[in-house]
Each structure stands twice: as structure tokens, then as C-alpha cells.
Amino acid sequence: MTTAHITDHSAATPARGGRGGSGGRSRRATGTALARLAAVARWTLAVAACLWIALCVAVGPLYWADSSIADFGAVNWLLAVVGFLAPFAAVVAMTRWANGIPVFGWSSGKNGLHPRRLIPAGARRAAARLLASAPGSWVSRTGRFLARICVRATDRWWKIALILFIGWLWVPTTLLSAFGADIRSQAREFSWAWNQWTGLDQPYIGFFSFVPMDIYPTAHYIWPSNPTYLTDQHNIVLTVLYGAVLSVSRYFTDSNDVGFVVLSSAQFLFAAFCCAATANRFFNLPWLPRRAGIDFTHPERGPMALVMLDFAHPERGYASPGFAARACAGNGRLPEGASGWFSRLVIILFFLCCPLAVFSTISLTKSPLFAFSFVWAFGVWYELFRTWRGKGDKVVRLCRRSLIALILACVVMLASAKYAWYIIVLQLILALLSDHRRWKAYVVALLLPVIVLHGGVVMLTRTGAIISGDPIESHGVQLQQIARIAKRNPGSIPQSAREEIAPIFNLDQMADAYQPQDADPVKSSGIQSKKVSYRWRSVTQGDMARFNSAWWQIVKADPVTAIDALLAKCFGYFNPMDQPYVSMDYYVNSDYVTDQTTWIKYWCSEWRQSIAEGAKQFGEIPVLGWVAHGNLYVMMTLLIGAAEVVLRRWRTLVMHLPLLLLMGVMITAPANNFERHMLPVAFVFGFVVLTFWRESQRARRNADIR
């Protein structure tokens, strides 16, 4: 009876299971197909990033020779192939390593499969024997001692700040200040405005007048009817701050020089603080309890294999294998996941030695100030990223100190760069979508500064208190395309386009002023002696409404030249072989510093010259000099982002997407390979790498367990 029952049950089960199994197999097949399609889409994005880098590398020799993409030859194809394969190999290597797969694959041996390594086994055994010898043991002990020193010297934010302060102190004491033309224009604006505020009647003189707005230039139709001389060209907050400090300096010393030194010294201190605060967040994870044995920010990772920290001292407890070495170096005072000595050393050395960071500490060109405030905000974003919780977990509120830090960082970003509000709004949208349970913090820290500062500027502009920037500033790519076609192939321009653009631009002057790497000459930026290609005195808002139509007709008539204009203006940002059009050492030794100051030009003048020239010469060294320029860090950040897409690290991408937006700002910027536009990406690159490394540890541990 029992046997019959079992037989009947076993016979009936396949019938039901067959129908259910068929549906299950269908669902699994559909899921597999969708997963493959998603994987193809992710890899397509990664390939697109590599292709863009390959294109920028390949066209370099063409535009260095002022040639055209139409002359794309064998050398360019070779550069394109190498320029694609090398970045793509880097993305593949990063994704394999992050998943715990040997980068170079597996090799078979006597004891089965082993990871194939770059260093031969014989060399590794020889190195092991050397380390086991007496000299090797001494080197190991010395290395561990230095590692402990490195970790202990950077386990508090004030220690990091002190290191940066001492390491950078020679910059403000010997170079004093660095700047270009912008701050002089800001001082001029404030002086005109101050004279007006104190009762001096300053009407617009007439059509042939030349006031600060004519330097940029700002079209006269934007000027309010009641005369005002403050503009938002360089951000109104910085203009008022810089102008006020320089006015006080002139009042007491009859010179701007003291004001320059005061502003540069204040920025130097701000830079040290921002970099130290963010480095502390990435190095030491200060929101975690010290001596934590597990990663409390990721409870989904579960218990990890623990090892004894010190077998000679069992009372010191246990930690994960990755933590053991770091605990030995830091005496166990740091939480699980804290950085080891190597990442600390490399990032600190970058800030202390790289000309990008060193010269930015005193450069009064608004971009460094934005970059350092972006670094500050980036550290708070990392804290928010690491304290994210899923639906079933309790929300971890952002502590008051970090919330205030994020608010202040956003305020400084908005005050120093007009495009900052785009970045902050993007971050706000992404944050609300991915972490909506902490919406109050995001509204207070992100939305309110945008409303107060950006909204305030808009209100002041509409009331006529200040003059907004000219809309032509945002058309750099289009201007370069029109100017290049007017210079290289003027016969292709349709007559209708000529008629539409004639009230806005003089095409002959545009062609004469065209420079492949810089759109400023085309839009008539500069003093009185400039070429008047942009008819800023007579153009109207109605004329500008026809600009896009004229541009489209011109581009359609000669698309190859238009593509040339676009690539020639932006390829250098993604080509590490391209030398910067304007590097940060320019501001250290510019004519505005060495010729147009009262006494700064005499202060350590030979030292200033040698430092600027030395940095420039180092940057010109092939391959080695790449580390001194921003485009290397831009390219590598783009590749890390591509690897994160492939690895489906969506929350990490939420934190890193503003870097992609900054790359878009570079492409639309007036000039090619302008280093100050790359500063934010370069400054946080080390932290991006550290984040990628940490996020890869769980997958690698799981792979080791399997």
C-alpha cells in the first residue's frame, strides 16, 4: 500500500513539475536574455568611453599640425587602435580584478590551477628568500615601522591639515600670489560700482565708450537702463569679495599687492582644510567606532573570517584578514575598512608635489576655489554613501558637523563657479532618487543654497542691480565651428546664413580671429585693441534668436570642418600626450604678476621664474610628465566610471556622476586643455581609486572563499 502510494506520488509529480518546470524554464530564459542584454548595454557604454579616448588620442597629431580629420592616415589609425586597446584592457582588468578573477587568467601546474601573474614564479621565490634573510628581515621591520608612522601621522584630520600646511608653506611665503586677468577685471568692476555707490555720477558714456563690460564683452542690450557696473561674468559673490579686499588694500597701501597676498593666503588655508577634511573621511572613516571588527556600514556583507591581530597579545582581539595588516600599522586604533599606509602616502604626496595642487593653493582664478570646495563636498558625499541603508534598516542620519560642512561647501561652490548649480541640482535629483529617506538633509544642504545664492543672483539681475553674463559665453563650440568654416571654407556658407548672422558677427573678423584651441578671440574678449568679430554694441535679443538657425545652416554646409572645430577645442582634455593650452604654472609667472604688480614682482623673482619653468619642463617629459597634468586624471576617472557601470555599482555612480558632468563642462569650455577646468577631477582622483578598491574587496573575498 505504501509502495503503491509512493509510486503514484512519484509518477504524478513529474506531470505537475513538467508544466511548472516549463514555465520556470521560460522565465529563467527570459531573465537570462534580459541579463545578457543589460550586460551588452553596460559594455557598450564602456566601449563608447574607450572609443572617445581613442578618437581624442588619434586626432592629436592632426590638430597639433593644424590639419583636419579629413587627413586621417595610417599613423592616426595606429594611434586609434592603441588608444582604444589600452583603455579597454584597463577596463577589463579592473572588472576582472574587482570580481576576484585573476587579471591575466589561470595557469595549470602540478597542484592544479593557479592565477597567472606578471612576475614569474622564480622571481617571487627569490624575493621571498631575500625577505627571509637577515637583511630582508631588517627591511621588513623598517617598512612596518614606517607604515606605522604613516598611518599614525594621518589618523586625525588636524594631523593631515598640519602636514599639508607645512608641506605647502613655501608656496605663499615665496610665491605670495598667482593670478591672471580675471581678478583685475573684478577689481575694476568693484571700483566703478563703489564710485557709483558713494555718489559719483557714472552714466554710460555712449556707443564708443569702453567700460569693464566691454572687455568680456557683454552685449549692450543686456545692460540695464539705470547704469550699473557689477556683472556676474566672474560670479558676483567673488567679484564683490575680491574687489572689496583689493579696495581696502589700495586705501591703506596705494597698491593691490597686499590684497592679493591676503586673498591667496586665505585660499591656501581653505585648501589645506578642505583636503584634510576629505582625506580624513576617506582614510579613517570617522563616523565608525574605532577598533570596530566588522564593517557596520555594510551589514549585508555578513560575518567575515577573523584572524588574531597579534598572536603574542591575544587580548588585542580579532579582525578580518584585510584589517590585520592595517591594525598592526595603526595599533588597531582605526575602524575596519580604514586605509592602509600606501594609499595615504600616495594621496598626500599628490597634494604636496603635483603642480596642479601646489599652484592652485594661491591661484586667484575662481576654478581652484571651486575645486577645493568640491573636494570638501566630495568627502561628505562619501560619508553619505557609506552610511546608506536599505528599506529594512534604520536610517543613519548625517551628523550635524557633516551637514554644516556640506552646506558650506555648496555655498563656496556656488560662489566660485556659475556652473556649480547644475552640478548641485544633478546631485540633489540623484540623491532623492537613491536615498529618499534622508531627503531633509539633501533639501537643507543642496536645495537651499541653490535657492538663496543662485536665486538671489537671478533676482538681482532682473531688478537691474547687476548685469548677467552674456549668453554668447555658452556657445563656444558653435562659435568655433562657424569661425573655422569661415576661415577654411568660406564659400560653403549659405547666403541666408550670412544674412542671419551678420547683425551678430562679422564673419571676416571671425575667420581672422579664429584660434583652434580658444574661443575667446572669436567672441572679442580682451581690451580695446581686440578684433571686433562679435558686434556686442549693436546686437539685439532678436538678432540672437536667429543665431542657432544660422549656425545649423553653416554646419550642414560643411560638417567635416565643423567636426574639426569641435575636436580641436576639446581633444586635449582626454589625450594625456597633449600639453595644456594654459597650465597652472602660467598664473604663477604671468605678466599680470611679474609686470603689473607694485612689489610682488620683486619678491623672490628668480625663484618664481625657476619654479614655473621647472614645473613646465617636468610636464613636458614624455609619460613621466603626464602625472603633472589634469588630462591623465580625467581619462582614468572616465575609465573607472566605465568599470563601475559594467560592475553595476549604481550607488557609487550616483556619487561619481558629477565628475562626468564636469567633463561636459570641459568640452563646452572656451578653450582646449585648460588645466584649471580639470582641477576638481584631478583632486578627487585618488579618492575615486580608493573607493573602487574598497568596493572590490567584498567580491574578491567571496571569490577567495569559493
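These figures come from a predicted structure and were not determined experimentally. (Residues numbered from 1 in each chain as written. Predicted model: local features only at pLDDT ≥ 70, side-chain atom pairs only at ≥ 80, totals over all residues. Heavy atoms only, no water.)

Caption draft 1: Molecular detail of the overall build of the chain. Within the chain, the secondary structure is distributed over 30 helices and four strands. Looking at the chain residue by residue over its 706 residues, the buried ones come to 49%. Contacts spanning at least 24 positions in sequence make up 77% of the contacts within the chain whose residues lie at least 6 apart. Accessible area of the chain: about 33100 Å², with a carbon and sulfur share of 66%. (Helix = DSSP H or I, 4+ residues; strand = E, 2+ residues; numbered from the N terminus. Buried < 20%, exposed > 50% of the residue type's maximum accessible area, 1.4 Å probe, protein only. Contact = heavy atoms within 4.5 Å. Areas by Shrake-Rupley, 256 points an atom, 1.4 Å probe, with all protein chains shown as cover.)

Caption draft 2: Spotlight on the side chain of His-220. Mapped onto the elements, His-220 comes out in the loop between α9 (212-215) and α10 (236-253). A polar atom in the side chain of His-220 sits 2.9 Å from the side chain of Asp-214. (Polar contact = N/O pair within 3.5 Å; in protein donor to acceptor, adjacent residues only side chain to side chain.)

Caption draft 3: Quick peek at helix α15 (residues 367-386). Here α15 is 20 residues long and its end C-alpha atoms lie 28 Å apart, about the 28 Å a rise of 1.5 Å per residue gives. Of all 20 residues in α15, 20 are buried, a share of seventy percent or more. (Expected span 1.5 Å × (residues − 1).)

Caption draft 4: How the structure looks around the packing of aromatic side chains. Scanning the entire structure with this criterion turns up 37 aromatic pairs. Relative to Trp-197, the ring of Phe-190 has its centre 5.9 Å away and its plane inclined at 90 degrees; by these criteria the two rings are edge-to-face. Accessibility expressed as a relative area gives 5% for Phe-190, which makes it buried. The ring of Phe-692 has Arg-649 sitting right over it, with the charged end atom 4.8 Å from the ring centre. In this structure, Arg-676 is placed above the aromatic ring of Phe-674, and the distance from its NZ or CZ to the ring centre is 4.9 Å. (Phe/Tyr/Trp six-rings, centres within 6.5 Å; stacked < 30°, edge-to-face > 60°. Lys NZ or Arg CZ within 6 Å of the ring centre and 35° of its normal.)

Caption draft 5: Geometry of a positive patch on the surface. Judged by side-chain charge, Arg-117, Arg-124, Arg-125 and Arg-129 come together as a positively charged surface patch. When you line up the elements, Arg-124 lands in helix α4 (residues 121-132). (Patch = residues over 30% accessible without salt bridge, like charges linked within 9 Å, V, L, I, M, F, W, Y side chains within 5 Å. Salt bridge = Lys/Arg side-chain N within 4 Å of Asp/Glu carboxyl O. Lys, Arg positive; Asp, Glu negative; His and termini not counted. Charge placed at Lys NZ, Arg CZ, Asp CG, Glu CD.)

Caption draft 6: Just the packing of helix α28 (residues 630-646) against helix α29 (residues 650-668), in detail. It is the contact of α28 with α29, at a shortest axis distance of 10 Å, that shows an interaxial angle of 145 degrees. Read as a crossing pair, α28 and α29 show a hand that is left-handed. Contacts between α28 and α29 involve Val-634, Thr-637, Leu-638, Gly-641, Glu-644 and Val-645 from the first element and Trp-650, Thr-652, Leu-653, His-656, Leu-659, Leu-660, Met-663 and Met-666 from the second. Along the lines of polarity and charge, the residues of the contact of α28 with α29 split into nine nonpolar, four polar and one charged. (Axes fitted to C-alpha atoms, helices over the stretch in contact; angles between N-to-C directions. Left-handed = near helix turned anticlockwise from the far one by under 90°. Nonpolar A, V, L, I, M, F, W, Y, C, P; charged D, E, K, R; others polar.)

Caption draft 7: Region of the structure containing a nonpolar patch on the surface. Among the surface-exposed residues, Trp-157, Trp-158, Leu-162, Ile-166 and Phe-273 lie close enough to one another that they form a single nonpolar patch of about 520 Å² accessible area. Looking at which element gives the most residues to the nonpolar patch, the answer is helix α6 (residues 157-168), with four residues. Tracing the backbone through its elements, the reader meets Trp-158 in helix α6. Of the residues examined, Trp-158 reaches a relative accessible area of 48% and is grouped as partly exposed.

Caption draft 8: The pattern of salt bridges, seen in detail. For the structure shown, the criterion picks out eight salt bridges. Between Arg-488 and Asp-66 there is a salt bridge, with its nearest N and O atoms 2.6 Å apart. Of this pair, Arg-488 sits in helix α19 (residues 476-488) while Asp-66 sits in the loop between α2 (60-64) and α3 (74-98), and the two are 422 residues apart along the sequence. Here Arg-156 makes a salt bridge to Asp-155, at a shortest N to O gap of 3.9 Å. The network of salt bridges with shared partners includes Asp-155, Arg-156 and Lys-159.

Caption draft 9: Spotlight on the environment of Thr-231. Along the chain, Thr-231 turns up in the loop between α9 and α10. When its relative accessible area of 0% is taken as the criterion, Thr-231 is described as buried. Among residues more than four places away in sequence, those in contact with Thr-231 are Glu-189, Met-213, Tyr-216, Ile-236, Thr-239 and Ile-467. Within polar-contact distance, the side chain of Thr-231 engages the side chain of Glu-189 at 2.7 Å.

Caption draft 10: Expanded view of the environment of Leu-567. Locating Leu-567 in the fold gives a position in helix α24 (residues 559-570). For Leu-567 and Ser-68, which are 499 residues apart along the polypeptide, the C-alpha to C-alpha distance reads 9.9 Å. Setting aside anything within four residues of it in sequence, one finds Leu-567 in contact with Trp-52, Leu-55, Val-59, Tyr-63 and Ile-69.

Caption draft 11: Focus on the nonpolar core. Formed by 133 residues in total, the largest nonpolar core has its most connected members in Trp-168, Phe-351, Phe-683 and Phe-687. When near neighbours in sequence (up to four residues on either side) are disregarded, Phe-683 contacts Phe-350, Phe-351, Leu-356, Ala-357, Ser-360, Ala-371, Phe-372 and Val-375. One finds Ala-219, Ile-467, Ala-511 and Trp-536 within the second-largest nonpolar core, a separate group that totals 33 residues. (Core = buried A, V, L, I, M, F, W, Y, C linked by side-chain atoms within 4.5 Å.)

Caption draft 12: How the structure looks around unusual backbone geometry. That bond from Tyr-216 to Pro-217 is cis: its omega, -10 degrees, falls within 30 degrees of zero. Assignment of secondary structure puts Pro-217 in the loop between α9 and α10. At Asp-254, a residue that is not glycine, the phi angle is positive and equals roughly 60 degrees. Within the fold, Asp-254 resides in the loop between α10 and α11 (257-284). At Cys-604, a position not held by glycine, the phi torsion is positive, near 50 degrees. Along the chain, the position of Cys-604 falls in the loop between α26 (591-594) and α27 (605-619). The partly exposed category is assigned to Cys-604, whose relative accessible area is 34%.

Caption draft 13: Main features of α24. Between its terminal C-alpha atoms α24 stretches 17 Å, which fits the 16 Å expected from 12 residues at 1.5 Å a residue. Looking at α24, one finds that the buried residues are Thr-561, Ala-562, Asp-564, Ala-565, Leu-567, Ala-568, Lys-569 and Cys-570.

Caption draft 14: Summary view of the environment of Ile-163. By the element assignment, Ile-163 lies in helix α6. Ile-163 sits in the partly exposed class, given a relative accessible area of 28%. The sequence separation of Ile-163 and Ile-348 amounts to 185 residues, and the corresponding C-alpha distance is 8.5 Å.

Caption draft 15: Region of the structure containing the packing of α19 against helix α23 (residues 547-557). α23 packs onto α19 with a crossing angle of 50 degrees between their chain directions and a minimal axis gap of 10 Å. The angle between the axes of α19 and α23 places the two elements in the oblique class. As α19 packs across α23, the resulting crossing turns out to be left-handed. Contact with α19, carried on its side by Gln-478, Leu-479, Gln-481, Ile-482 and Ile-485, involves Phe-547, Asn-548, Trp-551, Ile-554 and Val-555 of α23 and no other residues of that element. (Parallel < 35°, antiparallel > 145°, perpendicular 65-115°, else oblique.)

None of this, on its own, says anything about what the molecule does.
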